[in-house]
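Coordinate analysis (summary)
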Amino acid sequence: MDVVSQLQRQFVDFTTSLYHEGFLDDQFTQLQKLQDESNPEFVAEVVSLFFEDSENLLNNLANALQQQIVDYKQVDAHVHQFKGSSSSIGAQRVKNVCAAFRNLCEGKNLDGCIRCLQQLKLEYSLVKSKLETLFRLEQQILAAGGTVPSMA
C-alpha cells in the first residue's frame, strides 16, 4: 500500500472514530458538504473561528463564575452561545456539556457550574486536538499528491 493510500485509510478510520466516540455528529458532515474546489479550506476556516470564539467564551465563563455575586443570566448567555457554536460545527460532546451547564445555571448551582466549566474545558480541548489531527491528516494527504476521501 502506498503512502497516499495509507494516509487516506488513516483519515477514514480516524474520522469514523470521531463519530463513534461522540466527538462529532452529522452537523460536521453537513459542514463538509459545503466545502468544494472553490473554497477548499472552508471547514478548517469555520472550525478555526470556532476555536477562537471558544477560547474567549471559556475565559468569559471562568471570569463570570469568579465574581463575588455570580450573574447566572450572563453565565447562561455565554453557555448558550457556546452551545450554539459547538452545535454549528458538530462538536457533539461540547454541545452536550453545554446543555447540562445551562440546567445548572438555571438552578443557580455554583459548585455544579464550576465542575461543568472544567468538563467543558476538557471536552473542548479534546475536540480541538482531534480536529487539529484531522486537518493535519488532510494536509499530509494533499502534500503527498492524493485527494481527501469524502465522508459525506
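From a predicted model like this one, the values you see are computed outputs, not experimental measurements.

**Notes on the nonpolar core**
In terms of nonpolar packing, the biggest core is built from 41 residues, with Val-47, Val-75, Phe-82, Phe-101, Leu-120 and Leu-131 touching the most fellow members. Looking at this core, the elements that each hand over two or more residues are α1 (3–20), α2 (26–33), α3 (42–65), α4 (72–89), α5 (92–106) and α6 (110–143). Other than its neighbours up to four places away in sequence, Leu-131 contacts Leu-24, Phe-28, Val-47, Phe-51 and Ile-89.

**Focus on α6**
Over its 34 residues, α6 runs 49 Å from end to end, which matches the ideal 50 Å to within 8%, given 1.5 Å per residue. The N-terminus of α6 is capped by Asn-109, whose side-chain oxygen sits 3.4 Å from the backbone nitrogen of Asp-111. Remark: Gly-145 follows α6 within two positions and exhibits a positive phi of approximately 90 degrees.

**So, the packing of α3 against α4**
Relative placement of two packed helices is described by the angle separating their axes and the distance separating the axes. Relative to each other, α3 and α4 sit at 160 degrees, their axes nearing to 10 Å. Relative to α4, the element α3 lies roughly antiparallel. Read as a crossing pair, α3 and α4 show a hand that is left-handed. Where α3 abuts α4, its residues Val-46, Val-47, Phe-50, Ser-54, Leu-57, Leu-58, Asn-60, Leu-61, Ala-64 and Leu-65 lie against Gln-74, Val-75, His-78, Val-79, Gln-81, Phe-82, Ser-85, Ser-86 and Ile-89. Classifying every residue of the contact of α3 with α4 by side-chain character gives twelve nonpolar, seven polar and no charged.

**Focus: the UniProt feature "modified residue: Phosphohistidine" (unreviewed entry) in the chain**
Summarizing the sequence annotation, UniProt attributes the feature "modified residue: Phosphohistidine" (unreviewed entry) to His-80 in the numbering used throughout. Relative to the helices and strands, His-80 resides in helix α4.

**Structural notes on the UniProt feature "domain: HPt" (unreviewed entry) in the chain**
The residues that UniProt annotates with the feature "domain: HPt" (unreviewed entry) are residues 39–144. Helix and strand shares over residues 39–144 are 86% and 0% respectively, and the end C-alpha atoms of the span are 20 Å apart.

**Some remarks on the layout of surface pockets**
In this structure, the largest pocket encloses a volume near 450 Å³. For the largest pocket, the lining is made up of 19 residues, of which Gln-32, Gln-35, Pro-40, Glu-138 and Val-148 are closest to its centre. Residue assignment for the lining of the largest pocket shows that the elements contributing at least two residues are α2, α3 and α6. It is α6 that provides the largest number of residues to the lining of the largest pocket, a total of four residues.

The rules behind these values
- Residues numbered from 1 in each chain as written.
- Predicted model: local features only at pLDDT ≥ 70, side-chain atom pairs only at ≥ 80, totals over all residues.
- Heavy atoms only, no water.
- Core = buried A, V, L, I, M, F, W, Y, C linked by side-chain atoms within 4.5 Å.
- Buried < 20%, exposed > 50% of the residue type's maximum accessible area, 1.4 Å probe, protein only.
- Helix = DSSP H or I, 4+ residues; strand = E, 2+ residues; numbered from the N terminus.
- Contact = heavy atoms within 4.5 Å.
- Expected span 1.5 Å × (residues − 1).
- Polar contact = N/O pair within 3.5 Å; in protein donor to acceptor, adjacent residues only side chain to side chain.
- Axes fitted to C-alpha atoms, helices over the stretch in contact; angles between N-to-C directions.
- Parallel < 35°, antiparallel > 145°, perpendicular 65-115°, else oblique.
- Left-handed = near helix turned anticlockwise from the far one by under 90°.
- Nonpolar A, V, L, I, M, F, W, Y, C, P; charged D, E, K, R; others polar.
- UniProt positions renumbered as here; feature names shortened; annotations may be inferred.
- 1 Å grid on protein atoms, 1.4 Å probe; cavity = no way out; pocket = protein on both sides within 12 Å on 5 of 7 lines; lining within 4 Å.
- Points joined across faces, edges and corners; volume = space filled by probe spheres on them.

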